[in-house]
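The residues making up each chain are set out below.
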Amino acid sequence: MPFTQTSPAAPGTPAPQGLQGPWRRVLYVTLYELIAIAVATAGLAQLSGQGAGHSSVVAVAASAIAVLWNVVFNWAFERWESRQAVRGRSVARRVAHAIGFEGGLVFTLVPLFAWWFKVSLWEAFVMDLALIVFFLCYTFVFNWGFDRVFGLPASAQGAPDARAAGPTEVAL
């Protein structure tokens, strides 16, 4: 794998497999947000009845907010995850990750949409609801696909013996 980067491991412990560290986060955020901007622009234009040009401005702003939130949320999630006795990313853990990430965005993006599209907070929330559902699914699928292509982050990899045995799905 040409982009594989591992961090130093303790003596006698195999290094984590797959893309790790800052390059993992940069690639993750870049791919995720480029797709998100394109989809959000189309979705917001359709939902608001305004043009793609107008909607793309708020889609890019939302993306910038999401990038900052992504860095903070994933740092905190992986820090929590690294202290868990059960390793791996089960379906339940992935669902919790997606809901936590998207839930945090609602608190900033709904007021932004209300201001930009000149609608009430309730109307912005209703307008955002389709995007929320889309992004919950998208976040789940994107994370799963990203982990399949680039490997799990070190925080989700099992103990050395478990890594040698192969991937497993366990409960949250």
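Keep in mind the model is a prediction, meaning the values are calculated, not measured.

A few words on the overall build of the chain. Scanning the chain from terminus to terminus reveals 5 helices and 0 strands. Here the chain, with 172 residues, has 36% of them falling under the buried criterion. Counting only contacts in the chain whose residues sit at least 6 apart along the sequence, the fraction spanning at least 24 positions is 69%.

Looking now at helix α3 (residues 91–117). At Val-106, α3 is deflected by roughly 35 degrees, the largest bend along its length. Downstream of α3 by a residue or two, Lys-118 has a phi angle that is positive, lying close to 55 degrees.

Summed over the entire model, instances satisfying the criterion amount to 7 salt bridges. Here Glu-81 makes a salt bridge to Arg-93, at a shortest N to O gap of 3.8 Å. A residue pair is termed long-range when its members are at least 10 positions apart, and Glu-81 in helix α2 (residues 52–82) and Arg-93 in helix α3 qualify at 12 residues. It is possible to trace a salt-bridge network through shared partners that takes in Arg-24, Arg-25, Glu-78, Glu-81, Arg-89, Arg-93, Arg-94 and Asp-147.

Next up on the list: the packing of aromatic side chains. The full count for this structure, using the stated rule, is 21 aromatic pairs. Geometrically, the ring pair formed by Tyr-28 and Phe-142 is edge-to-face, given 5.3 Å between the ring centres and 80 degrees between the ring planes. With Tyr-28 in helix α1 (residues 21–48) and Phe-142 in helix α4 (residues 121–150), the pair connects residues that are 114 residues apart, well separated along the chain. For Tyr-28, a relative accessible area of 9% translates into the label buried. Residue Phe-142 is classed as buried on the basis of its relative accessible area, which comes to 12%.

This brings us to the side chain of Thr-41. Here Thr-41 is to be found in helix α1. Ignoring anything within four residues of it in the chain, the contact list for Thr-41 reads Ala-52, Ser-55, Ser-56 and Ala-59.

Conventions and cut-offs
- Residues numbered from 1 in each chain as written.
- Predicted model: local features only at pLDDT ≥ 70, side-chain atom pairs only at ≥ 80, totals over all residues.
- Heavy atoms only, no water.
- Helix = DSSP H or I, 4+ residues; strand = E, 2+ residues; numbered from the N terminus.
- Buried < 20%, exposed > 50% of the residue type's maximum accessible area, 1.4 Å probe, protein only.
- Contact = heavy atoms within 4.5 Å.
- Bend = angle between axes of the 7 residues up to and from the residue.
- Salt bridge = Lys/Arg side-chain N within 4 Å of Asp/Glu carboxyl O.
- Phe/Tyr/Trp six-rings, centres within 6.5 Å; stacked < 30°, edge-to-face > 60°.

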